[in-house]
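# Commentary on secondary and tertiary structure
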Amino acid sequence: MKAAVLVFPGSNCDRDLAVALTAAGAEVAMVWHKETSLPEGTDLVAVPGGFSYGDYLRAGAIAARSPVIAALRDHAERGGYVFGVCNGFQILCETGLLPGTLMRNRDLRYICRSVTLRVGTADSAFTSGWRAGEKVSFPIAHHDGNYTAGPGGLERLTGEDRVAFRYVTNPNGSEGDVAGILSDNRRILGMMPHPERAADPAQGGTDGAALFRAVTGVLAEA
Ligand SMILES: NC(=O)CC[C@H](N)C(=O)O
């Protein structure tokens, strides 16, 4: 199964994501944002966390206009899998591949700590290793994690069972305690918490490994 990790100026979780994907059995290529195509046979595009373009304008807004985004869009439109973490989630919202916006945290502070999440749905390649309602613990590290889906958006996401993760204790004001969402075809996941920072015992937690195992397993069989 082949994964491409996009790298933007200011990405800082790209290596972590590559390590977690590799440990789960993926063959990983790093793809600089100036590229206009993805490696042949890419199954999954992973958009990493960090501070692309210093979060200027609005987190993810400038990266969403990078050359590689046209190739990402083509991949998604062909039904390809995409996974965005933190700044990657912000970028996916800014491209319109996922609905909604990530605004400044409710308390206007950067938050860096582990949080407990509830798995919202097991019905996706990413979350199929869990049962809905199960609790997992991942680190968060962001100042713009306050998700809003816009008018009627949360009702739609909830009604279509597209909330992938919810915060047990809401750290940032996110609407409906949303920590991660799926696209309407369930093949794109965006989430603010970092499963790649909880994927090895040396990181202090391994809950995230189940996500990488699940998605690489599904795609290896596809
Ligand atoms: N670790 C991350 O990707 C978080 C950075 C992000 N741009 C923010 O809201 O702070």
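Since the structure is predicted, the reported quantities are computational estimates derived from the model, not experimental observations.

Moving on to the pairing of strand 1 (residues 2-7). The element strand 1 is extensively covered by neighbouring structure, given that 5 of its 6 residues are classed as buried. Handedness of the crossover is the feature at issue here: the chain leaves strand 1, passes through helix 1 (residues 14-23), returns alongside strand 2 (residues 27-32), and the resulting connection is right-handed.

A separate point is the sheet that holds strand 4 (residues 81-85). Spatial ordering of the open sheet is given by 2-1-3-4-11-10-9-6-7, a layout of 9 strands whose pairing is mixed. Looking at the sheet topology across the chains shown, the edges are occupied by strand 2 and strand 7 (135-142). Strand-to-strand twist in this sheet, taken as the mean axis angle between neighbours without regard to direction, amounts to 20°. Helix-sheet contacts for helix 3 (residues 87-95) involve strand 3 (44-47), strand 4 and strand 11 (188-191), and the interaxial angle to strand 4 is about 120°.

Quick look at the UniProt feature "active site" (unreviewed entry) in the protein now. Within the UniProt annotation, "active site" (unreviewed entry) is assigned to Cys86, His194 and Glu196. The named residues occupy 111 residues along the chain; their greatest pairwise C-alpha distance, 10.9 Å, places them in one compact cluster. Turning to its location among the elements, Cys86 is positioned in the loop between strand 4 and helix 3. Residue class for Cys86 comes out buried when judged on the 30 C-beta atoms lying within 10 Å of it. Assignment of secondary structure puts His194 in the loop between strand 11 and helix 5 (209-221). Those residues in contact with His194 that lie beyond four places of it in its chain are Cys13, Gly49, Val85, Cys86, Phe138, Pro139, Ile140 and Ala141.

Our focus in this paragraph is the confidence of the model for the protein. When the pLDDT values of the protein are averaged, the result is 97; 100% of them are 70 or greater. Among the prediction metrics, the complex's ipTM stands at 0.94, with pTM recorded as 0.98.

Time to look at helix 5. Along its 13 residues, helix 5 runs 18 Å from first to last C-alpha, staying within 8% of the 18 Å computed at 1.5 Å per residue. Buried residues of helix 5: Ala209, Ala210, Leu211, Phe212, Val215 and Thr216, and no others. Against helix 1, strand 3 and strand 4 lie the buried residues of helix 5.

The subject of this paragraph is the pairing of strand 11. Here strand 11 shows a buried face lined by Ile188 and Gly190 and a second buried face lined by Leu189 and Met191. Of the strand pairs in this sheet, strand 4 and strand 11 are connected by 4 bridges, and their pairing is parallel. Residue pairing across strands places Phe83 opposite Leu189, the latter belonging to strand 11. Across 3 bridges, strand 10 (residues 178-182) lies against strand 11 in antiparallel orientation. By the bridge assignment, Ile181 is partnered in strand 11 with Gly190. Linkage of strand 10 to strand 11, two consecutive antiparallel strands, is achieved through a turn of 5 residues, within which Arg186 is found at a positive phi near 70°.

Let us now look at the environment of Leu6. Mapped onto the elements, Leu6 comes out in strand 1. By the C-beta count within 10 Å, which is 28 here, Leu6 ends up buried. Once the C-alpha coordinates of Leu6 and Tyr147 are considered, the two residues, 141 residues apart in sequence, prove to be 23 Å apart. In contact with Leu6, other than residues within four places in its own chain, are Val31, His33, Val45, Val47, Pro48 and Val68.

Parameters at a glance
- Residues numbered from 1 in each chain as written.
- Predicted model: local features only at pLDDT ≥ 70, side-chain atom pairs only at ≥ 80, totals over all residues.
- Buried ≥ 20, exposed ≤ 12 C-beta atoms within 10 Å, placed from the backbone.
- Helix = DSSP H or I, 4+ residues; strand = E, 2+ residues; numbered from the N terminus.
- Right-handed = clockwise from strand over helix to strand, strands pointing away.
- Pairing = 2+ DSSP bridges.
- Axes fitted to C-alpha atoms, helices over the stretch in contact; angles between N-to-C directions.
- Contact = placed C-beta atoms within 7 Å.
- UniProt positions renumbered as here; feature names shortened; annotations may be inferred.
- pLDDT = per-residue confidence, 0-100.
- Expected span 1.5 Å × (residues − 1).

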